[in-house]
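Inside the fold
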Amino acid sequence: MKYSIPLYFLLLTLLFLISCSPQEKIIVNTKIIRDTVYISDINPKYQVITEAVLPDYVISKKNFPSVAFNNRIKFLVLHYTVADYPTSVRILAQKGRVSSHYLISAQPNDTIDILVSEDKRAWHAGVSSWNGTENLNDTSIGIEIVNDGYISIKDSMIFTPFPEYQIKKVATLAKNIIDRYEIEPVNVIGHSDIAPLRKQDPGPMFPWEQLYTEYNIGAWYDEFDKQYFLAQYIPDVYPYNSALDFQKALQNYGYKIALTDNWDKDTELIIRAFQWHFRPEKADGIVDAETWAILHALNKKYRANNK
Ligand SMILES: [Zn+2]
């Protein structure tokens, strides 16, 4: 088919207009409460804007807020301090390379301290990894909980319990952070999950299950799934006794682990970190039927699309 030149341009212009018109215009109603605080109908919570202030130009909010964004914060990491409150403050607030965003004391009526603004990077995670993301200081909020940690008696580690009022404070703060940054359940983790070869906190006394059942915080397996996998488990039979398969399952859930196909020391420490979080009654780094079933139940629930 042969077009005359003007018709050709007309068709080209039409095509251009069609391809450029937005398919569906999204209108977001925004109400600026103060210069830097606003609410919008897509997120009706108070939000703070950090913006440039220029002497010669006005920063317009005509197109604000764009709906094309997500949060830089992806993880919430929980710690214990292994020190009393004054020592914890001294360590976390002083000049140096250790800090956290929040500190929760062990006294019922104390306030919760903010040590580092949430939009800044606190140094609480160190060398760390979770589900392929390294250096979690860049993308996490850190909460330090005042707690004595553990004492070693012979080969046992005796951990300090957390009082109920302290857990309530942790849960209230955690819930608020999780909601604001839309942190996924699997990304609410302990320091020992992201650095299992060198960290023990918050330890097996930290009530992850209670946080899940009472406050809907973090990840937990479904009992039905656990029973399903328990019924399948056959000790000493491949693949149930395969170190490689278990290492792969740990890696799939988020733990950084070398796939050595050996029950080596590092694997033992990573299994122990997993047990501290999900099977605290048995934190010896050795896989039993329940540990195996719990890990597979978690992967089924949260990590089915991870491979
Ligand atoms: Zn820690």
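Residues numbered from 1 in each chain as written. Predicted model: local features only at pLDDT ≥ 70, side-chain atom pairs only at ≥ 80, totals over all residues. Heavy atoms only, no water.

1. Here we look at the overall build of the protein
Applicable threshold: Note on conventions: DSSP H or I runs of at least 4 residues are helices, E runs of at least 2 residues are strands, and numbering of each starts at the N terminus. Exposure categories follow from relative accessible area, calculated using a 1.4 Å probe and restricted to protein chains: below 20% of the type maximum is buried, above 50% is exposed, and the middle band is partly exposed. Only heavy atoms enter the contact rule, under which two residues are in contact if any of them lie within 4.5 Å. In short, Shrake-Rupley with a 1.4 Å probe defines the accessible areas, and a residue's cover is counted only from the protein chains shown.
Secondary structure summary: the protein contains nine helices and 12 strands in total. Classification of the 307 residues of the protein by burial places 41% in the buried group. In the protein, the proportion of contacts linking residues at least 24 apart, taken out of those at least 6 apart, comes to 60%. Of the accessible surface of the protein, which amounts to about 18300 Å², a share of 56% is contributed by carbon and sulfur atoms.

2. Remarks on the sheet that holds strand E12 (residues 188-190)
The following threshold applies: Here, a strand pair is defined by DSSP locating no fewer than two bridges between the strands.
The five strands lie next to each other as E6-E5-E9-E4-E12, forming an open sheet whose pairing is mixed. With one partner strand each, in any of the chains shown, strand E6 (113-114) and E12 form the two edges of the open sheet. Where strand E4 (residues 75-80) and strand E9 (residues 140-145) come together, six bridges link them in parallel fashion. When the sheet's bridge partners are listed, Leu76 is paired in E9 with Ile141.

3. Structural notes on the packing of aromatic side chains
Keep this limit in mind: Classification of ring pairs uses Phe, Tyr and Trp, with its six-membered ring standing for Trp, and accepts pairs whose centres are within 6.5 Å; under 30 degrees between planes counts as stacked, over 60 as edge-to-face, and the remaining range as tilted. Over a ring means this: the NZ of a Lys or the CZ of an Arg is within 6 Å of the ring centre and within 35 degrees of the ring normal.
Tallied over the full model, the rule gives 17 aromatic pairs. Centre to centre, the rings of Phe274 and Phe278 are 5.2 Å apart; their planes meet at 40°, and the pair counts as tilted. In this pair, Phe274 and Phe278 both sit in helix H8 (residues 265-278), four residues apart, roughly one turn of the helix. Of the two residues, Phe274 and Phe278, neither departs from the other in class, the shared state being buried. Aromatic rings pair up to connect Trp130, Trp220, Tyr221, Tyr253, Tyr255, Phe274 and Phe278 into one cluster. When the ring centre of Trp123 is taken as origin, the NZ or CZ atom of Arg97, which lies over that ring, is 3.9 Å away.

4. Considering the pairing of strand E11 (residues 156-159)
Relative to E11, strand E10 (residues 150-153) runs antiparallel, the two being bridged by four bridges. Bridge pairing in E11 places Ile153 opposite Ser156. Taking the residues between adjacent antiparallel strands as the criterion, E10 and E11 are bridged by two residues, where Lys154 takes a positive phi near 50°.

5. Overview of a nonpolar patch on the surface
Where we set the bar: Only residues whose relative accessible area exceeds 30% and that form no salt bridge enter a patch; like-charged residues are grouped when within 9 Å of one another, and nonpolar side chains (Val, Leu, Ile, Met, Phe, Trp, Tyr) when within 5 Å. The rule for a salt bridge is simple: a side-chain nitrogen of Lys or Arg has to be within 4 Å of a carboxyl oxygen of Asp or Glu.
A contiguous nonpolar patch, built from Leu54, Tyr57 and Ile59 and spanning about 320 Å² of accessible area, is present on the exposed surface. Looking at where Tyr57 falls in the secondary structure, it is placed in the loop between strand E3 (43-48) and E4. Looking at Tyr57, the relative accessible area reads 62%, which means it is exposed.

6. Describing helix H5 (residues 208-215)
Our working definition: The arc in question is the one traced by the directions running from the helix axis out to the C-beta atoms.
The complete set of buried residues in H5 reads Trp208, Gln210 and Leu211. Seen from one end, H5 has its buried residues packed into an arc of 165°, which puts them on one side. On its buried face, H5 is in contact with E4, helix H3 (164-181), E12 and H8. Immediately downstream of H5, the backbone of Asn216 shows phi near 55°, a positive value.

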